[in-house]
Structures are given as C-alpha cells and as structure tokens.
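Spelled out, the chains give:
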Amino acid sequence: TDFYWNKNYRPYPATAEDTTEITAHVLWGPRNNVNTSDPNFGVKEGAATKTPNSYGLYDMLGSLSEWTQAGEVLFTGEAVADSKPTTSPGDTLFVLRGGNWSNNASFIRSSCRSTSFGNYSYFVQGFRTVKEVR
C-alpha cells in the first residue's frame, strides 16, 4: 500500500476522518507565514508522539525528508539494491525519502522519492538515526 497503515493515496484523503488518520502518523508543521529566522519555526511536537510503523519506529513521516546514502537510480521494474555513489558528494544526486512537514499527503507515500545534490542543504532535509532500546 502507499502508506504503512494499509491505505492507498487515491482516493485517500477524501474525508475529515482520513485527515485525522494521516495526522496520527505524520509530523506536520506550519504551512504559511514561512519565517526561517524564527528559532521556534518548524515542527513543534516532541519525539515519539505519533503512531509507530510496523518496525516500532516513530516519527518516520513528516518532519524532515530523509537524505539517504543511496545514489540516484532509474527504476526499470527489476529488483534493485540501493546504489552507492561513485563520485564526490557535490556531484552526486542522492535519494531523499519521506515527505517533510511542508508537503502534502502525496509526498509521504512509501514510494515517493526525490533527489538532492550532496553539497546542497535545505531546511526540510535531514537524516534520521535509530537507536535500539533494550
């Protein structure tokens, strides 16, 4: 499915209940009056406040788009492992996964990918770390 809670994007989200369900999984932020000089700008929710995915990972949708180590790959329909870039980070397009707090629901689909050069930063891109708690 498009989302890890077994929903597909079309025709979802069509109702207020759909929007409530999405919001239970996604860290959204302000969508207007963008002022990045404000130190309180962006997502204002604490960690692990949303429903976790099937791996038990919290906050995997919204917040920041994840800058991955995978280089850009054209999808041919064949099984492909993540590619490792062979050039310098500034010359390589890296795959971004996951929508960020400024996107709409179509960007938080499991299949959604975008790219960014390794030497380019943007305030909605970042990386995620995972620590196992025993």
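A quick note: this is a predicted structure, and the numbers were derived from the prediction, not measured.

Peer 1: What's the story with the overall build of the chain in this structure? I'm lost.
Peer 2: Within the chain one finds one helix and six strands. Listing each helix as α and each strand as β along the chain from the N terminus yields α-β-β-β-β-β-β. With 134 residues in all, the chain has 30% of them scored as buried. Considering only intrachain contacts with a sequence separation of at least 6, the fraction spanning at least 24 residues in the chain is 58%.

Peer 1: Sorry, what's going on with the pattern of salt bridges here?
Peer 2: Scanning all chains against the criterion turns up one salt bridge. For the salt bridge of lysine 7 with glutamate 21, the shortest nitrogen-to-oxygen distance reads 3.6 Å. Residue lysine 7 is located in the segment before helix 1 (16-23), and its partner glutamate 21 is located in helix 1; the two are separated by 14 residues in the primary sequence. Judged by relative accessible area, which is 29%, lysine 7 ranks as partly exposed.

The rules we used
- Along each chain, residue indices are assigned from 1 in the same order as the chain's sequence is written.
- The model is predicted, so local features are restricted to residues of pLDDT at least 70 and side-chain atom pairs to those at 80 or more, both for listing and for counting; the totals for chains, interfaces and linings are taken over all residues.
- Only hydrogens and water are set aside when side-chain values are computed; all heavy atoms of the structure are taken into account.
- Strands here mean DSSP runs of E at least two residues long; helices mean DSSP runs of H or I at least four residues long; both are numbered from the N terminus.
- The classification of residues rests on relative accessible area computed with a 1.4 Å probe and restricted to protein chains. Under 20% of the type maximum is buried, over 50% is exposed, and intermediate values are partly exposed.
- Every residue pair with non-hydrogen atoms within 4.5 Å of one another is taken to be in contact.
- Salt bridge criterion: a side-chain nitrogen from Lys or Arg within 4 Å of a carboxyl oxygen from Asp or Glu.

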